[in-house]
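Topology and contacts: notes
Single-letter residue listing:
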Amino acid sequence: MLGQLALSGRVWWWAMVDLAMTPVVVVAVPLLVGAVAAYLRRMAAIGLAVLQLAVAQFGGQADLGALAACADAPAHTLRVTSWNTLYWHVDSDRDAFYALLREQRADVLVLQEYMGHDAWVPRPIDDLPRLRAEFPGTHIAAAGELLTVSRFPIVDQRVLTAEPAEPATGWREYWTHRVLRTDLDIAGRVLSVYNVHLADPIDIAVSPLSVEFLTSAEYLGRWKAAQLDLLRAELAANPNPVLLTGDVNFPPGSGEERALEPLSDAACGAFLPTTFAFRGLWWWRLDRTFTSEDVRVHEHAVLDPRGQSTHKLQNLVVSIKE
């Protein structure tokens, strides 16, 4: 627990510890220790202390903060859907894919993995004609694998570019373009929406018992640290209301959240809202939304992708404070 405070978000290899602390583990283990201690009527004080420390140090990873009540909604709100689509619709039903997007009735779609693949090697695609047909009159910003579709005018956009040590494939923008900022004109006020897909914490395609696994984890950790450094400086210089959303690839309670201060986790009104599936089970909340203090969150829900992706959709209702 002291290691969580001292090392999370500071050294690359602690990301594996963060991932091991799934919400179920964080809640279940201290409860089990406390229950056994109480049953045996021995060391009850130790069991209680373990539980208290776990809640204090790992409470974020248990997603206890997501239980906070959402704010009451005013008359004018903004509906946002954020989703890592997992290679767009190239491996699924195209019509079902667009039907799922339309059903969200979003004012702003913030989408990651707008791309195809050749034997799992990412490649660019052009699906803009179909997008414009499905969402007529909207404004579209695209950069690398990031795509933002807005019913409100996009008054400015730019990419925060963090160069990896060496792009692993020929499509360089996939590796460098992991943060897309779009400034939206919301009834005369500018809202900065950050569409993010930060580096993976580990390579799940590699055996965890191999040297390659540790080498890739170090590479990914340093790359993500560079992306977070860019975001830290960017957010400090941005005076606009901010909504940052997407596949951040770190769980609640991770020290990597410090880079996004003073933004707050937007999750509310839910218990253990996991978003990412591995081997058919939903383990972690790696798809997350953060807001500045002048953006209120009135609803936050995670929705089943119906087999379209290993990531759930995030649906939010937000407003900008007067």
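Source: prediction; values computed, not measured. (Residues numbered from 1 in each chain as written. Predicted model: local features only at pLDDT ≥ 70, side-chain atom pairs only at ≥ 80, totals over all residues. Heavy atoms only, no water.)

Focus: the environment of Glu 145
Formally: Helix and strand labels come from DSSP, where a helix needs a run of H or I of at least four residues and a strand needs a run of E of at least two; each type is numbered from the N terminus. Each residue gets one of three labels from its accessible area relative to the maximum for its type: buried under 20%, exposed over 50%, partly exposed in between, using a 1.4 Å probe on protein chains only. By definition, residues are in contact when any of their heavy atoms lie within 4.5 Å. Two N or O atoms count as a polar contact when they lie within 3.5 Å, although within protein this holds only if one can serve as hydrogen donor and the other as acceptor, and sequence-adjacent residues are included solely when both atoms are side-chain atoms.
Within the fold, Glu 145 resides in the loop between strand E5 (139-143) and strand E6 (146-150). Exposure remark for Glu 145: the relative accessible area of 0% places this residue in the buried category. Dropping the residues within four chain positions of it, Glu 145 is found in contact with Leu 111, Gln 112, Glu 113, Tyr 114, Met 115, Trp 171, Tyr 174, His 177, Arg 178 and His 197. A polar atom in the side chain of Glu 145 sits 2.8 Å from the side chain of His 197.

Notes on the packing of aromatic side chains
Short version of the rule: Paired rings are identified among Phe, Tyr and Trp, the last through its six-membered ring, by centres lying within 6.5 Å, and are further divided according to the angle between planes into stacked (under 30 degrees), edge-to-face (over 60) and tilted (the rest). In our convention, an over-ring charge means Lys NZ or Arg CZ found within 6 Å of a ring centre and within 35 degrees of that ring's normal.
This structure, assessed with the given rule, holds 13 aromatic pairs. Considering the side-chain rings of Trp 283 and Trp 284, the 6.2 Å spacing of their centres and the 40 degrees angle between planes classify their relative orientation as tilted. Trp 283 gets classed as partly exposed once you look at its relative accessible area, which sits at 34%. Accessibility expressed as a relative area gives 14% for Trp 284, which makes it buried. Ring pairing ties together the aromatic residues Trp 83, Trp 88, Phe 97, Tyr 98 and Tyr 114, which thus form one cluster. The ring of Trp 282 has Lys 312 sitting right over it, with the charged end atom 4.7 Å from the ring centre.

Some thoughts on the environment of Asp 294
Within the secondary structure, Asp 294 is located in the loop between strand E14 (287-291) and strand E15 (295-303). Aside from chain neighbours lying at most four places away, what touches Asp 294 is Pro 241, Val 242, Ser 319, Ile 320 and Lys 321. Engagement of the side chain of Asp 294 in a polar contact is seen with the side chain of Ser 292, the distance being 2.5 Å.

Topic: the state of the cysteines
Note the threshold: The rule for a disulfide is simple: a pair of cysteine sulfur atoms within 2.5 Å.
Here the structure, examined in full by the defined rule, presents 1 disulfide. The side chain of Cys 70 participates in a disulfide bridge whose partner is Cys 268; the two sulfur atoms lie 2.0 Å from each other. A torsion of 95 degrees about the S-S bond marks the disulfide between Cys 70 and Cys 268 as right-handed. Of this pair, Cys 70 sits in the loop between helix H4 (44-58) and strand E1 (78-84) while Cys 268 sits in the loop between strand E11 (264-265) and strand E12 (276-278), and the two are 198 residues apart along the sequence. Look at Cys 70 and you get partly exposed, because its relative accessible area is 25%. By relative accessible area, which is 4% here, Cys 268 ends up buried.

Re the environment of Asn 84
Along the chain, Asn 84 turns up in strand E1. A sequence separation of 225 residues divides Asn 84 from Ser 309, and the C-alpha atoms of the two residues are 7.4 Å apart. Those residues within four positions of Asn 84 in sequence are excluded, and the remaining contacts are Gln 112, Glu 113, His 197, Asp 247, Asp 287, Ser 309 and His 311. A polar side-chain atom of Asn 84 sits 3.4 Å from a polar atom in the side chain of His 311.

Here's the deal with unusual backbone geometry
A cis amide bond, omega 10 degrees, links Glu 261 with the succeeding residue Pro 262. Look at Arg 105: it is not a glycine, yet its phi comes out positive at around 50 degrees. Mapped onto the elements of the fold, Arg 105 is located in the loop between helix H5 (94-103) and strand E2 (108-112). Assessed through its relative accessible area of 55%, Arg 105 is described here as exposed. For Glu 113, which is not glycine, the phi torsion reads 60 degrees and is therefore positive. With respect to the secondary-structure elements, Glu 113 resides in the loop between E2 and strand E3 (116-118).

Notes on the sheet that holds E6
The condition is simple: The pairing criterion is simple: DSSP has to find at least two bridges between the two strands. Here an angle of 0 to 180 degrees is reported between the N-to-C directions of two axes, which are lines fitted to C-alpha atoms, with helices fitted over the stretch in contact.
Strand order across the open sheet formed by 6 strands is E5-E6-E2-E1-E16-E15, with mixed pairing between neighbours. Each end of this open sheet is capped by a strand with a single partner; those strands are E5 and E15. Each strand of the sheet is rotated relative to its neighbour by a mean of 15 degrees, with strand direction disregarded. Pairing analysis gives 4 bridges linking E2 to E6, with the strands arranged antiparallel. Bridged to Val 110 within E6 is Thr 148. Here H5 sits on the sheet in contact with E1, E2 and strand E16 (313-320), set at roughly 150 degrees to E1.

Function-wise, these values are silent; they only describe arrangement.
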